[in-house]
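Chain and residue survey
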Amino acid sequence: MISRMIRFLVLATSVAVCLADGPAILEKRCLGCHNDAAKMGNLSLTSRANAARVLGGSLLGRVQRGEMPPGGGLPREEREAIANWISAGAEWPQTLQTAPRPRAGKDWWSLQPVRKIESTIDDLLNAELRKKGLRMNAPADRRAFIRRATFDLTGLPPTPAEIAGYLTDAAADADEKLLDRLLASPAYGERWGRHWLDVIRYGESHGYEQNHVRPNAWPFRDYVIRSLNNDLPFQRFILEQLAGDVVGKGDPAVEIGTGFLVAGPHDTVGNQNEAARRQQRADDLDDIVNATASAFLGLTVNCARCHDHKFDPIQQADYYRIAAVFNGVTHAERDLATPAESEAYRAATGPIEATIADGKRRLAEFASKAKPQETLNLKHRPAVSPFLTEESFPPRLARYIRFHTPQGMGSGIDEFEIFTPQGDNIARAAEVLPSSTRIADGNAGAYHVRHVNDGAFDKRWFPVAGQPASLTFKLSKTETVQRVAWSTDRLRAFQGRFQQQPVVKYTLEASLDGESWTSVANGDDRLPYRKEDLARLIIIESLDAADRDEFAALEKRLAGLEADLRSVPKLRTAYAGKFRVPEEPVYLLNGGNVMQRGDAIAPASLSALPGFTLPLNAPEHERRLAFAQWLAGPDNPLTPRVIANRIWHYHFGRGLVGTPSDFGFNGERPTHPELLDYLAGRLHANGGRLKPLHREIMLSRAYRQSSEWNEAAAKQDADARLLWRFPPQRLQAEALRDAMLHVAGVLDNNVGGPSFRLYKYTVDNVATYFPLDKLDPSTYRRTVYAESARSIRTELLSVFDCPDSSLPEPRRVVTTSPLQALSLLNHSFTLDMSAAFAKRLPPDDPVRPAFELAFGRPPSTSETENARRLILDHGLTAFTRALFNANEFVYVH
């Protein structure tokens, strides 16, 4: 009796705890999103009245299935507690509430109009320094300033002659003349163009699984460099990158700007699955939305892909409004030509195309005479199949079997079987002699001939492409053979893909001695594998002799015309995207799920700012133009702040807002809000031109001060965010490589043109990249011209934090690691540059010229003595190699 009472009390207590746990779980797990403020999914659970419509229904179902909350749902015990609480009536406590998640509203600082600030850069900085009892350092010496400014604007060190000229210039405007010279250098666009390419995720391969190179992406890179060198107003820069085909129609130099839209990754693997197809398209649009919003607005709009932004005033509908703006953009190369060039091309190709069209109409007339395929089936055997093809023949003795095709075996063979009349596969024990075997870079055995008779179907043998191929089987003994079978995709793993070149024409031969061969089967009487070839055969066999002759003559003539058409020089093309009327509208996706479409969304700007809305069926080009004009408009407070902050970031190593692409709640607050608005105002006052802003920043005392360490100041501001000193900066990877080429005297200063490669590029369905062990002079160009394939890290660049172009990189990570020191000391590039550097030095007294080239200064007496001793003991190349590895070479102060 007592034990039953105890069990009853335990059970009752457990039920009471479960019922009490329901509100606690709701408060802990659900109210963070489903409260009166956030109201995710248009649902608040702060009161019974609000939640009554979903209790026990869809909400409970989603909770029980582990779909809510996102990220794996609730633990089983908590799901049961919620169910018990609801079953018991879901008594709602009066105190069930939660503080709204901290987030930004429409009154957030970055969304407010840019204030007009009457001041100067130094006055605004000094005001904050005085609050901390700090002051700026004294000005840097002239050698430090020219080295700092030259690296900053051009990514290269100053030459000894340039330093000497600056040091001897006693004019009051010597600094101004220095900056004007640097800003006028083509190297300026190469240096600052690299910064912008980081921000916008520019890469020269598609990324994803196949990651093939985009051979014509580079014209967009050159456009960026050219635009910055020409000091193109930033408002115009925006218009050309989003709508260059509209604002510069017929001008290739402007139209190429739309390469911005398709500069990101793109999945090139075709997929017939509807869900996968939609997902690929959604991912393409997401990349464009993210790149545009982060680069120009400094907002993480992509965080609203699945729901309203949890921290910023960005609705989920806002995300899809911007996606609708770019709904007509597709990844592709596009012809870029002037009207005169296009007209000349049409004049050359038009007559040929017209004649071809006439010929094809005549071929269509022949096709109308075609008889049903059933008549062919009586004359021909079934076509070969990539999944399994068999050949049977009268039993015969053989020690050797040879399978030969004159057309090659482009799809390879995953298994080849040889059967006796009893059904035994005797190929398994045979020695296989291939005509050739393709060698895969990085995996010599990937296509090995052993795969053709290993009894498995997961790997294939591939011969060398583009030539006849054969497999010769030497059986373990003389056997009676009656049947063979082979396949290229027995498991149907590729679902019919990648089977463009199955073995169609073949001969099967047998031999007793390997010398004398007898043909036992061939594929001559099989139906064609390709649909086009089958259709042609049906036509030919339906025609009489005279029509067949005319048909053959017409085919031959058309082949000649097609060759003539191919011989006409093509118009220039670039990977700048194509634009078309959207096939369907953009839908708001519930939870970001491409298979859960909500309402169709019209193109518009962000709802948190004054802007525009276009009709659902607005013309494609009007969408992009309207959005670009909104971004570049004088009333948009985000764009000028974001661009001004990026300029400051690259000059000082850190922006006034430390998160250059996030001006929202999760980003850093500006250290100097008034200074940021002042710079944004100056950008407007200069008509959007960047060079005057560079000049003003670099002539400020803040920029020209020394980088000297001050212990007392560092205790208050260790990172010099308030700029009591100029923050020293390590050279970025590209600047380090370029400086070594420059100092060694081998830098190729040619501007623009196709990219060079720092890796070996191979393609076997997917692309493979192998870093080069040795680099020849063809690679001695500015690193901005190196082909930047996604997910590929070249050694010297990657160890010094050169980013992968798969994602935007608005602020590079700066690491320090032993691998950097080892690479800079021992890499073959360092050795080559050290040798070239040594070669350009005078052998009788190399120390002073070497210091002036590498560090921009003469050596001290002790440095001269130590250097001479090093050269005497280890040679001149060891000395130049040491200079490249010095902190003074790698850092700018």
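Just above sits the structure.
This section reports on the structure supplied with the text. Remember, predicted model here, so these are calculated numbers, not experimental data.

A few points about empty space enclosed by the protein
Considering all chains together, one arrives at 8 cavities of 30 Å³ or more under this definition. Counted as a void, the largest cavity has a volume near 290 Å³. Lining the largest cavity are 25 residues; nearest its centre among them are Arg-194, Ser-788, Leu-797, Cys-802 and Pro-803. Of all elements in the fold, only α9 (186-199) and α26 (795-799) reach the threshold of two or more residues within the lining of the largest cavity. Tallying contributions element by element places α9 first for the lining of the largest cavity, with 3 residues. In terms of residue class, the lining of the largest cavity is built from 12 nonpolar, 5 polar and 8 charged. Considered as a void within the structure, the second largest cavity measures approximately 140 Å³ in volume. What lines the second largest cavity is a set of 13 residues, and nearest its centre among them are Trp-192, Trp-196, Phe-234, Ile-647 and Leu-690. Only α9, α11 (234-247) and α20 (638-652) provide two or more residues apiece to the lining of the second largest cavity.

Regarding the pattern of salt bridges
Throughout the structure, instances matching the rule amount to 57 salt bridges. Among the salt bridges present, the one from Arg-362 reaches Glu-550, with a minimum N-O distance of 3.0 Å. With a gap of 188 residues between them, Arg-362 in helix α15 (residues 339-367) and Glu-550 in helix α18 (residues 545-567) connect regions that are remote in the sequence. Judged by relative accessible area, Arg-362 falls into the partly exposed class, the value being 25%. A single salt-bridge network, built from bridges that share partners, covers Glu-190, Arg-737, Asp-738 and Arg-782.

Notes on unusual backbone geometry
Although it is not a glycine, Tyr-208 adopts a positive phi angle of roughly 60 degrees. Of note, Tyr-208 is situated in the loop between α9 and α10 (218-229).

Considering the layout of surface pockets
Estimates place the volume of the second largest pocket at around 930 Å³. Of all the secondary-structure elements, those providing two or more residues to the lining of the second largest pocket are α6 (142-154), α9, α20, β13 (729-730) and β16 (891-892). When its residues are assigned to classes, the lining of the second largest pocket shows 20 nonpolar, 8 polar and 11 charged.

Considerations on the nonpolar core
Among the nonpolar cores identified, the biggest contains 165 residues, and Phe-326, Trp-648, Leu-679, Phe-837 and Phe-889 are the most heavily contacted of them. Take this core: its biggest share by element is 9 residues, from helix α13 (residues 274-297). Here Phe-837 is in contact with Val-743, Ala-744, Ala-850, Leu-853, Ala-854, Thr-880, Leu-883 and Phe-884, once residues within four sequence places are set aside.

Quick notes on the packing of aromatic side chains
We describe a pair of aromatic rings using the distance from one ring centre to the other and the angle between the two ring planes. Inspection of every chain in the model, using the stated rule, returns 39 aromatic pairs. Judged by centre distance (5.7 Å) and plane angle (40 degrees), the ring pair of Phe-403 and Tyr-506 falls under tilted. Taken as a pair, Phe-403 in strand β3 (residues 389-405) and Tyr-506 in the loop between β6 (469-487) and β7 (507-511) lie far apart in primary sequence, 103 residues in all. With respect to class, Phe-403 is no different from Tyr-506; both count as buried. Ring centres 4.9 Å apart and planes at 25 degrees place the aromatic pair Phe-416 and Phe-473 in the stacked group.

Cut-offs and rules
Residues numbered from 1 in each chain as written. Predicted model: local features only at pLDDT ≥ 70, side-chain atom pairs only at ≥ 80, totals over all residues. Heavy atoms only, no water. 1 Å grid on protein atoms, 1.4 Å probe; cavity = no way out; pocket = protein on both sides within 12 Å on 5 of 7 lines; lining within 4 Å. Points joined across faces, edges and corners; volume = space filled by probe spheres on them. Helix = DSSP H or I, 4+ residues; strand = E, 2+ residues; numbered from the N terminus. Nonpolar A, V, L, I, M, F, W, Y, C, P; charged D, E, K, R; others polar. Salt bridge = Lys/Arg side-chain N within 4 Å of Asp/Glu carboxyl O. Buried < 20%, exposed > 50% of the residue type's maximum accessible area, 1.4 Å probe, protein only. Core = buried A, V, L, I, M, F, W, Y, C linked by side-chain atoms within 4.5 Å. Contact = heavy atoms within 4.5 Å. Phe/Tyr/Trp six-rings, centres within 6.5 Å; stacked < 30°, edge-to-face > 60°.

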